[in-house]
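Structural overview
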Amino acid sequence: GALSRPHGLSADGYSRVFVADTGNNRILAFRVESEFDEMRLVPDYSIDGLSAPFDVAFSDGGTPMQPEDDRLYVANSGRNEILSYDIGSGDPQAKGRVGTLGSGDGAFAGPMSLVVGRKDGAHTTDVYVSDAHNRRVVHLVDEGGSLEWSRSLPHDLGLVTSLDTDHWGNVYAAAPQQGVIAKYTPQMLPIEQMD
């Protein structure tokens, strides 16, 4: 069916695109098919039963050429939780979950954006989350069968709507209302702020 209020998306770098179909409470996976001058997004599968998923992040598990350990992370904002799915077999299997409504460790108040960590260009087990209403960036670690809370970094940036990581694992946080981009180390130590 048609998309309803799509927000975040992520790609695996090869032939799949994942979309947070927020209004329909699902994640859609598409295969990219191209022939000559035409490109099509062909529906592959969906992850249903979510609650206002706002963002999605793909991880190749640190092994780009081996799809068996591919993961997908979802900011399931309507339930204030982060979910992980094993997608290496093509049929998504729920693996980890962390979060409930609140402001302490293990809780979120509007997870808005998330990104997977990197080291020397490869994905790591680190997952960074913008916790919008608590005004912090949270660092999670994927332990295989569970998502573990590592630390959180409160900030005064206002609403952080987007996160990204670079080749070395530094984390970038975009706060459009303040007109600021902040940069942190992989351990969440502030490096600089660009206005």
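In what follows, the accompanying structure is described. (Residues numbered from 1 in each chain as written. Predicted model: local features only at pLDDT ≥ 70, side-chain atom pairs only at ≥ 80, totals over all residues. Heavy atoms only, no water.)

Before going further, it helps to examine the sheet that holds strand S12 (residues 147-154). Spatially, four strands are ordered S9-S10-S11-S12 in an open sheet, and the strand pairing comes out antiparallel. A strand with exactly one partner marks an edge of an open sheet, and here the two such strands are strand S9 (111-119) and S12. Direction aside, the axes of adjacent strands within the sheet are offset by 25° on average. Pairing geometry for strand S10 (residues 122-131) and strand S11 (residues 136-142), over six bridges, is antiparallel. Directly across from Asp131, in S11, lies its bridge partner Arg136. (Pairing = 2+ DSSP bridges. Helix = DSSP H or I, 4+ residues; strand = E, 2+ residues; numbered from the N terminus. Axes fitted to C-alpha atoms, helices over the stretch in contact; angles between N-to-C directions.)

Most of strand S2 (residues 16-21) sits inside the fold, with six of its six residues counted as buried. The sheet contact formed by strand S1 (residues 6-11) and S2 spans four bridges and is antiparallel. Looking across to S2, one finds that Ala11 is bridged to Val17. The hairpin formed by S1 and S2 contains four residues between the paired strands, and Gly13 there has a positive phi angle of roughly 85°. Here S2 pairs with strand S3 (residues 26-35) via six bridges, running antiparallel. Bridge assignment links Ala20 to a residue of S3, and that residue is Ile27. Taking the residues between adjacent antiparallel strands as the criterion, S2 and S3 are bridged by four residues, where Asn25 takes a positive phi near 55°. (Buried < 20%, exposed > 50% of the residue type's maximum accessible area, 1.4 Å probe, protein only.)

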